[in-house]
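An overview of the molecular structure
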Amino acid sequence: MKLIMAIIKPFKLDEVRDALSALGVQGLTVSEVKGYGRQKGQSEIYRGAEYAVHFVPKLKLEIAVDDGAASGVVDALRDTASTGQIGDGKVFVMDLEQAMRIRTGESGVEAL
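Structure report, in brief. (Residues numbered from 1 in each chain as written. Predicted model: local features only at pLDDT ≥ 70, side-chain atom pairs only at ≥ 80, totals over all residues. Heavy atoms only, no water.)

Evaluation of the coordinates by the stated rule reveals eight salt bridges. Across the pair aspartate 18 and arginine 17 runs a salt bridge, and its minimum N-O distance is 3.6 Å. We classify aspartate 18 as partly exposed; its relative accessible area is 47%. Among the residues examined, arginine 17 registers a relative accessible area of 41% and is labelled partly exposed. (Salt bridge = Lys/Arg side-chain N within 4 Å of Asp/Glu carboxyl O. Buried < 20%, exposed > 50% of the residue type's maximum accessible area, 1.4 Å probe, protein only.)

With that out of the way, let us pick up the packing of helix H1 (residues 13–22) against helix H2 (residues 70–81). Packing of H1 against H2 brings their axes to within 9 Å, and their N-to-C directions diverge by 150°. With respect to H2, the element H1 is oriented roughly antiparallel. In terms of crossing hand, the pair formed by H1 and H2 is right-handed. For the pair formed by H1 and H2, the contact residues are Glu15, Val16, Ala19 and Leu20 on the first element and Val73, Ala76, Leu77, Thr80 and Ala81 on the second. A per-class count over the contact of H1 with H2 returns seven nonpolar, one polar and one charged. (Axes fitted to C-alpha atoms, helices over the stretch in contact; angles between N-to-C directions. Helix = DSSP H or I, 4+ residues; strand = E, 2+ residues; numbered from the N terminus. Parallel < 35°, antiparallel > 145°, perpendicular 65-115°, else oblique. Left-handed = near helix turned anticlockwise from the far one by under 90°. Contact = heavy atoms within 4.5 Å. Nonpolar A, V, L, I, M, F, W, Y, C, P; charged D, E, K, R; others polar.)

Attention shifts here to the pairing of strand S1 (residues 2–8). Relative to strand S5 (residues 56–65), S1 runs antiparallel, the two being bridged by seven bridges. Pairing of alanine 6 across the sheet is with leucine 61, part of S5. For S1 and strand S6 (residues 89–95), the ladder comprises seven bridges, and the chain directions are antiparallel. In the sheet register, lysine 2 faces S6, and the bridge partner there is aspartate 95. (Pairing = 2+ DSSP bridges.)

Before going further, it helps to spend a moment on the sheet that holds S5. Within the open sheet, the four strands sit side by side as S2-S5-S1-S6. Their pairing is antiparallel. Each end of this open sheet is capped by a strand with a single partner; those strands are strand S2 (29–35) and S6. Pairwise comparison of adjacent strand axes, ignoring direction, gives a mean angle of 20° for this sheet. With seven bridges joining them, S2 and S5 adopt antiparallel strand pairing. Bridge pairing in S5 places valine 30 opposite leucine 61. Of the strands in this sheet, S1, S2 and S5 are in contact with H1, which crosses S5 at around 10°. Against the sheet, H2 touches S1, S5 and S6, its axis set at about 5° to S1.

By the secondary structure assignment, alanine 99 is in the segment after S6. For the pair alanine 99 and leucine 13, spaced 86 residues apart in sequence, the C-alpha to C-alpha distance is 25 Å. In this structure alanine 99 touches Met1, Glu106, Ser107, Gly108, Ala111 and Leu112, once residues within four positions along its chain are discounted.

Dropping the structure here:
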């Protein structure tokens, strides 16, 4: 099993969710986060005054999938979350050692 974590722009969530649903992904956790990458934030103009935003608002998605589905999920994230602009985000793929559904006690792939 794999745990896929993606950091994306907030306005891309619906498009990403639709693409993942089409792949058969049944579960998704979304968190509102703030951070920065290589651009170190961005400049904003508010009421005529420019100020620096050091932490840019993003969404963090966490998706647990079977090993065989991981590459398709990563491809879907790349294709749907991309705008071609700086700050589109990142995707991280990690091995997931154990998963358990609390209600039924199912474990492993059956718990996903």
